[in-house]
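Letter by letter, the chains look like this.
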Amino acid sequence: MTAHAASLAEEISGSIASAPNSTTAMERAVHILKTKRPNYSWVGIYLLEGDELVLGPFLGKPSPHTRIPLNRGICGAAASQKQTITVDDVNSDPRYLACSIETKSEIVVPIMDGDRVLGEIDIDSDKHAAFGDDDRALLEKIAGALAKKLRT
Ligand code: SME
């Protein structure tokens, strides 16, 4: 991770750990990411409820996809595979569920408690191929911090 991403990961992890509850922890993570990463056009957290991902805190344009079944979208794929998915060009990915016409790339990072999916961090960018290894490392660290708050 770059020094900038590492210090951001520390800042967000601390902010999550000190939050009074899981909703505030998610809101803080979304807010800091949206503010500090200029390419992050839409930042949201989905929580797994049964077989559906339900949209929780987010910043950016309202999404039509407030509930996503596990077999749909890049969001569903990431939760089903229990792995981070990065898509450089959303318009060439048949799984993609459009949220905004401006979106060009997307990263979805599952929030895991061991082998159990609790939810995921979903980020869209208006820039093509906006998400690299640094973003992935940063967001997986934050997903780990959120998992500790969500599993209790
Ligand atoms: N693009 C996502 C849907 C969620 S919106 O981006 C907020 C997907 O393909 O699952």
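Colleague: I'm lost on the sheet that holds strand β3 (residues 67-69) in this one. Help?
Modeller: One key point about sheets: their strands pair by backbone hydrogen bonds, in either a parallel or an antiparallel sense. Ordered by their spatial adjacency, six strands build an open sheet running β3-β2-β1-β6-β5-β4, and the pairing between neighbours is antiparallel. Only two strands of the sheet have a single neighbouring strand rather than two, namely β3 and β4 (85-87). Along the sheet, successive strands turn relative to each other by an average axial angle of 25 degrees, direction set aside. Across six bridges, the pairing between strand β1 (residues 42-49) and strand β2 (residues 52-59) is antiparallel. Within the sheet, the bridge partner assigned to Y46 lies in β2 and is L55. The sheet contacts of helix α3 (residues 73-81) involve β1, β2, β3, β4, β5 (105-113) and β6 (116-125), and relative to β5 the element is tilted by about 35 degrees. Of the strands in this sheet, β1, β4, β5 and β6 touch helix α4 (residues 133-150), which is tilted by about 35 degrees from β5.

Colleague: How should empty space enclosed by the protein be read in this particular structure?
Modeller: Counted by the stated rule, this structure contains one cavity of 30 Å³ or more. Approximately 120 Å³ is the volume found for the largest cavity. Lining of the largest cavity is provided by 14 residues; of these, I68, C75, L97, E106 and D122 occupy positions nearest its centre. Of all the secondary structure elements, the ones that give two or more residues to the lining of the largest cavity are β1, α3 and β6. Among the elements that make up the lining of the largest cavity, the one with the highest residue count is α3 (three residues). Its residues assigned to classes, the lining of the largest cavity shows eight nonpolar, three polar and three charged.

Colleague: Where do I start with the packing of aromatic side chains in this structure?
Modeller: Ring pairs (aromatic) are described by centroid distance and by the angle formed between their planes. Evaluated as defined, the whole model comprises three aromatic pairs. Look at W42 and F58: their rings are 5.7 Å apart centre to centre, the planes differ by 20 degrees, and that puts the pair in the stacked class. Residue W42 is found in strand β1, and its partner F58 is found in strand β2; the two are separated by 16 residues along the sequence. On the basis of relative accessibility, which here comes to 30%, the residue F58 falls in the partly exposed class. Following the ring pairs from residue to residue traces out a cluster consisting of W42, Y46 and F58.

Colleague: I keep staring at the state of the cysteines and nothing clicks. Help me out?
Modeller: Chemically, a disulfide is nothing more than a covalent bond linking the sulfur atoms of two cysteines. Applying the stated rule across the entire model yields zero disulfides. In this structure C75 is a free cysteine whose sulfur lies 9.0 Å from that of C99, the closest cysteine sulfur available. In this structure C75 comes out as buried when scored by relative accessible area, which is 4%.

Conventions and cut-offs
Residues numbered from 1 in each chain as written. Predicted model: local features only at pLDDT ≥ 70, side-chain atom pairs only at ≥ 80, totals over all residues. Heavy atoms only, no water. Pairing = 2+ DSSP bridges. Helix = DSSP H or I, 4+ residues; strand = E, 2+ residues; numbered from the N terminus. Axes fitted to C-alpha atoms, helices over the stretch in contact; angles between N-to-C directions. Contact = heavy atoms within 4.5 Å. 1 Å grid on protein atoms, 1.4 Å probe; cavity = no way out; pocket = protein on both sides within 12 Å on 5 of 7 lines; lining within 4 Å. Points joined across faces, edges and corners; volume = space filled by probe spheres on them. Nonpolar A, V, L, I, M, F, W, Y, C, P; charged D, E, K, R; others polar. Phe/Tyr/Trp six-rings, centres within 6.5 Å; stacked < 30°, edge-to-face > 60°. Buried < 20%, exposed > 50% of the residue type's maximum accessible area, 1.4 Å probe, protein only. Disulfide = S-S within 2.5 Å.

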